[in-house]
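# Structural description and commentary
One-letter residues, chain by chain:
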Amino acid sequence: MKKLRRFFLWSGLLLKRLLRRPAYLAVLLLVPLFALAITLFSRQESGVLTIALALEDPDDAAARAAVERLTAEESVLRFLPCEDEERAREAVSRGKADAAWIFRADLEKKLDRFAQRGHAAAVTVLEREDNVFLRLSREKLFAAIYPETSFALFADYLTAELGAEELDRADLRRYYASGTMAEEILRFETLEGEPVDTADSYLTAPLRGVMALLLVLCGMASGLYCYQEEQNGSYTWLSERARRWLPLLSHLTAILPAALAALLAMKLAGVTVGLWRELGLMLLYLPAAALFCELLRCLCPRQEHYGALIPVLTVAMLVLCPVFLDLKLLRPLRLLLPPTWLLRAVWNGAALTGLLLYTGILLVLTAAAVRLRQSRRGL
């Protein structure tokens, strides 16, 4: 019981001394501020591209239905409805939109002509410049007019191939609807079979990865202060064993407040996967991040080297870890970084074992590095 009280006393003192450091406070404040900014931006209209939409004939039912499909669902494309074709063209020319999709009048008849002849101009597309994103966006346009296109092909087949000229449009609609299925073609779920909500904003999706990165930075900030305290001889009166593990305790106390702030930030942003699961993941991630920071500190002989490593490591974690994109680059190197294991363990239960194994390996390597560093310093 006495040792436990001493442990909490030391943890409180180490945290108190960190809270008096402006640099640590700055990193700590980045956690809620970044989450707040991401949440506010995600509630606003946003998109990778802005597409202006216009109808030649506002009373065209088929064209209106296509526009409603585009604007009703959440997407990485931002759709900007315009009153007429002139407004849509003006939005593109002034840079307010990257492209304009102008649905021609009598869209249904033009799609019938496409079904019969294989070509027809149903939508006019205006673009500031052609690029990969705009080419991909046109797939969204095709999906919007697919129901009418599908019916046009169905009607053409019945009338031309089966000689059903006597059927009117209403009968064809009824026959077409009788064979239509509303089931989803694709279903997104985790490796454990749990459904994934694809309606989450793409802006809030990287929040967990950024939080994991900031926790590592808090541990690195603690490492910088440990160099100064060793040079000042602040803990020379402690035993060799205590001095060996005191920096690790310092890293843990530095990461813990940021971890609590990260959990709160993810809860407010709506990207959590359950309270108990999040707590369990964080409890496993804390020692891994702290050991990682201490291992790097032991491998860097001077404070200047350790400080120069921080920006390089930050860029490496942003690029290699699946924070924004899972590029699958340099797989052996990305497995050395703590955020990779946390982000994999969120949706993959088997990756929890990998995180535990990763932490165990870090513990062994850190213990060896600490002993080697103390032997070199003659402690």
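A brief look at the structure comes next. As the structure is a computational prediction, the values presented were derived from the model and not from experiment. Within any chain, residue numbers begin from 1 and follow the written order of that chain's sequence. Totals for whole chains, interfaces and linings use all residues, but because this is a predicted model, local features are given only for residues with pLDDT of at least 70 and pairs of side-chain atoms are given and counted only at 80 or more. Neither water nor hydrogens contribute to the side-chain values; these are computed over all heavy atoms in the structure.

### Remarks on the overall build of the chain
The test is simple: Runs of E in the DSSP output that reach at least two residues are strands. Runs of H or I that reach at least four are helices, and both are numbered from the N terminus. Partly exposed residues are those whose accessible area sits between 20% and 50% of the maximum for their type, while under 20% is buried and over 50% is exposed, using a 1.4 Å probe and protein chains only. Per-residue and other accessible areas were derived by the Shrake-Rupley procedure at a 1.4 Å probe size, with only the shown protein chains allowed to occlude residues.
A count of helices and strands for the chain gives 14 helices and four strands. Across the 379 residues of the chain, 40% fall into the buried class. With an accessible surface of roughly 22,000 Å², the chain has 61% of that area assigned to carbon and sulfur atoms.

### Digging into empty space enclosed by the protein
Quick note on the threshold: Both cavities and pockets are sets of points on a 1 Å grid over the protein atoms alone; in a cavity a 1.4 Å probe fits but cannot get out, in a pocket the set is open with protein on both sides within 12 Å along at least five of seven lines, and lining residues sit with an atom within 4 Å of a point. Grid points are joined across faces, edges and corners, and a volume is the space filled by probe spheres set on the points.
Taken as a whole and assessed by the stated rule, the structure comprises one cavity of 30 Å³ or more. Looking at the largest cavity, its volume works out to about 60 Å³. Arg208, Met211, Ala212, Leu215, Ala262, Met266, Glu278, Leu281, Met282 and Leu342 are the residues that line the largest cavity. Sorting the residues of the lining of the largest cavity by element identifies α8 (207-232), α9 (240-269) and α10 (275-299) as the ones contributing at least two each. The leading source of residues in the lining of the largest cavity is α8, at four residues.

### Some thoughts on helix α13 (residues 338-347)
Of all the 10 residues making up α13, eight are buried; the element is thus mostly covered by neighbouring parts of the structure. Burial in α13 covers these residues: Pro338, Pro339, Thr340, Trp341, Leu342, Leu343, Ala345 and Val346.

### Re the sheet that holds strand β3 (residues 99-103)
For clarity, the threshold we go by: The rule for pairing is simple: two strands pair if DSSP sees at least two bridges between them. Fitting a line to C-alpha atoms yields each axis, with helices limited to the stretch in contact; the angle taken between N-to-C directions then spans 0 to 180 degrees. Pairs of residues are marked as contacts when any of their non-hydrogen atoms sit within 4.5 Å.
Pairing is mixed in the open sheet, where four strands are placed in the order β2-β1-β3-β4. This sheet does not close on itself; its edge strands, each paired only once, are β2 (77-81) and β4 (123-127). The sheet shows a mean angle of 25° between the axes of neighbouring strands, taken without regard to direction. Sheet topology places β3 next to β4; five bridges connect them, and they run antiparallel. By the bridge assignment for β4, Ala100 is matched with Leu126. Packing of helix α3 (residues 61-72) onto the sheet brings it into contact with β1 (49-55), β2 and β3, and relative to β1 it is tilted by some 160°. The sheet contacts of helix α4 (residues 85-93) involve β1, β3 and β4, and relative to β3 the element is tilted by about 165°.

### Quick notes on the pairing of β1
With respect to burial, β1 is a largely interior element, seven of its seven residues being buried. One ladder, built from five bridges, connects β1 with β2; its direction is parallel. Among the inter-strand pairings, Ile51 is bridged to a residue of β2, identified as Phe79. With five bridges joining them, β1 and β3 adopt parallel strand pairing. Counterpart to Leu55 in the pairing with β3 is Phe103.

### Considering the pattern of salt bridges
Formally: One speaks of a salt bridge when a side-chain nitrogen belonging to Lys or Arg is within 4 Å of a carboxyl oxygen belonging to Asp or Glu.
Summed over the entire model, instances satisfying the criterion amount to eight salt bridges. A salt bridge links Arg87 to Glu83; its shortest N-O distance comes to 3.3 Å. Given a relative accessible area of 61%, Glu83 falls into the exposed group. A salt bridge links Glu304 to Arg302; the nearest nitrogen and oxygen atoms lie 3.5 Å apart. Given the relative accessible area of 49%, Arg302 is considered partly exposed.

### Points about the state of the cysteines
Here is the rule we go by: The criterion for a disulfide is a pair of cysteine sulfur atoms lying within 2.5 Å.
Going through the model one piece at a time under the given rule, you end up with zero disulfides. Cys218 takes part in no disulfide bond, and the closest cysteine sulfur to it belongs to Cys293, at a distance of 9.1 Å. In this structure Cys218 comes out as buried when scored by relative accessible area, which is 0%. For Cys293, a relative accessible area of 0% puts it in the buried group.

### Focus on the environment of Phe151
Mapped onto the fold, Phe151 is located in helix α6 (residues 132-161). With 22 residues separating them along the chain, Phe151 and Arg173 place their C-alpha atoms 7.8 Å apart.

### Considerations on the packing of aromatic side chains
Keep this limit in mind: In summary, the pairing rule links any two rings of Phe, Tyr or Trp, Trp by its six-membered ring, whose centres are within 6.5 Å, and it sorts them by plane angle into stacked for under 30 degrees, edge-to-face for over 60 and tilted for everything else. To sit over a ring, a charge needs its Lys NZ or Arg CZ within 6 Å of the ring centre and within 35 degrees of the ring normal.
Under the defined criterion, the tally for this structure stands at four aromatic pairs. For the cation-ring pair, Arg297 lies above Tyr227, with the distance from its terminal atom to the ring centre recorded as 5.6 Å. Taking NZ or CZ as reference, Arg344 lies 5.2 Å from the ring centre of Trp341, over its face.

### So, the packing of α10 against α13
Selection rule: Just so you know how the angles are binned, under 35 degrees is roughly parallel, over 145 roughly antiparallel, 65 to 115 roughly perpendicular, and the rest oblique. Handedness of a crossing follows from how the near helix is turned relative to the far one, being left-handed for an anticlockwise turn of less than a right angle and right-handed for a clockwise one.
The interhelical angle for the contact between α10 and α13, taken along N-to-C directions, is 165°, at an axis separation of 10 Å. In terms of their interaxial angle, α10 and α13 are classed as roughly antiparallel. Pair α10 / α13 crosses with right-handed handedness. Along the contact surface, α10 presents Arg277, Leu281, Tyr285, Ala288, Ala289 and Phe292, while α13 presents Pro338, Pro339, Leu342, Ala345, Val346 and Trp347.

What is shown is where atoms sit, not what they do.
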